[in-house]
Amino acid sequence: MASRKPILVVAGVGTGAGTGGSTARLFAKQGYNVALIARNAKELEATAADIKASGGSAAAFPIVKYDYSDIHDAFDAIKKHWPGEELRVAVFNAGYGVWKPFLEVTEEEWKESVQTNIVAAAAFAREAILAFKQLEPNEIGARGNLIITSATAAWRGNLTTSAFAAGKHGLKGLAQSLNKEFGKQNIHVSHAIIDGSILTNRSRGRGDDYVNNPDVRLDPDSIAKAYLYLAEQDRTAWTFELDLRPAHEKW
């Protein structure tokens, strides 16, 4: 009987030029079926088409909102799209940031920070863990890997980051709690601190001095390699928190 092909689910893909897209492309090259979740259906379909054009297996699962209902429906659609395959890795890469003095942050911005950084992450984690629990441990002893993209704001608040830091502190607390509860069930949960600017289509607008200097920005392809490393760790040495930054980042 042929072995089952693993599935990677990535939530938060944007234009496909950042961490989510790079992770999807790298895992596709490693033989994963790649399920893409995001709110921009057009960009999501383009990223899936790009992966398939390179010989990978990918499909887009656009959602309207990052809430329990839409995320549940997306996971249900993923299982139906690849029946009999195993969902082994899930990456929550969605986020919401607002950088304003505290007195200028609106109620809606507070709600969006909590909704995206905490509630949506919990909804995504719930679906991933329920899928992992249906599987037997693989050759490295893992039922599944849940990787959560986070930020330095999960460590500390700063000027203009009250809403952002509150959301990321909550995200870290969620990830740590899941790690402690489900590690005993051979489910690996990791929290990735991304400390610094990531090279994307938008950040390329900062100019050639930024684009051509790898010391001052993170490369999303390098972040993806770190995520693959997390997914391939055997159960005798699992990382909970991994922080990544460019060589010249002030921290």
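See the structure above.
If you're wondering where the values come from, they're calculated on a predicted model, not measured in any experiment.

Chemist: Break down the pairing of strand β4 (residues 86–92) for me, citing the residues and quoting the values.
Modeler: Burial analysis of β4 places 7 of its 7 residues in the buried class, the great majority of the element. In this sheet, β4 lies alongside strand β1 (residues 6–11) in parallel orientation, the contact comprising 6 bridges. Across the sheet, residue Pro 6 finds its bridge partner in β4, namely Glu 86. Sheet analysis places β4 next to strand β5 (residues 144–151), joined by 4 bridges and oriented parallel. Following the sheet pairing, Val 89 is matched in β5 by Asn 145. Handedness of the crossover is the feature at issue here: the chain leaves β4, passes through helix α4 (residues 107–132), returns alongside β5, and the resulting connection is right-handed.

Chemist: Describe the packing of helix α3 (residues 68–81) against α4, and please don't skip the residues or the numbers.
Modeler: Remark: α3 packs on α4, axes separated minimally by 9 Å, with the N-to-C direction vectors making an angle of 30°. Taken as axis vectors, α3 and α4 run roughly parallel relative to one another. As for the relative orientation of α3 and α4, their crossing is right-handed in sense. Judged by residue contacts, Tyr 68, Ile 71, His 72 and Phe 75 of α3 engage Val 119, Ala 120, Ala 122, Ala 123, Phe 124, Arg 126, Glu 127 and Ala 128 from α4. Grouping the constituent residues of the contact of α3 with α4 by class yields 9 nonpolar, 1 polar and 2 charged.

Chemist: Residues and numbers for the nonpolar core, please.
Modeler: In terms of nonpolar packing, the biggest core is built from 68 residues, with Val 9, Val 34, Ile 37, Tyr 66, Phe 124, Leu 146 and Tyr 227 touching the most fellow members. At 9 residues, α4 tops the list of elements feeding residues into this core. When neighbours within four sequence positions are excluded, Leu 146 is seen to be in contact with Ala 90, Phe 124, Ala 125, Ala 128, Phe 132, Leu 178, His 188, Val 189 and Ser 190.

Rules behind the numbers
- Residues numbered from 1 in each chain as written.
- Predicted model: local features only at pLDDT ≥ 70, side-chain atom pairs only at ≥ 80, totals over all residues.
- Heavy atoms only, no water.
- Buried < 20%, exposed > 50% of the residue type's maximum accessible area, 1.4 Å probe, protein only.
- Helix = DSSP H or I, 4+ residues; strand = E, 2+ residues; numbered from the N terminus.
- Pairing = 2+ DSSP bridges.
- Right-handed = clockwise from strand over helix to strand, strands pointing away.
- Axes fitted to C-alpha atoms, helices over the stretch in contact; angles between N-to-C directions.
- Parallel < 35°, antiparallel > 145°, perpendicular 65-115°, else oblique.
- Left-handed = near helix turned anticlockwise from the far one by under 90°.
- Contact = heavy atoms within 4.5 Å.
- Nonpolar A, V, L, I, M, F, W, Y, C, P; charged D, E, K, R; others polar.
- Core = buried A, V, L, I, M, F, W, Y, C linked by side-chain atoms within 4.5 Å.

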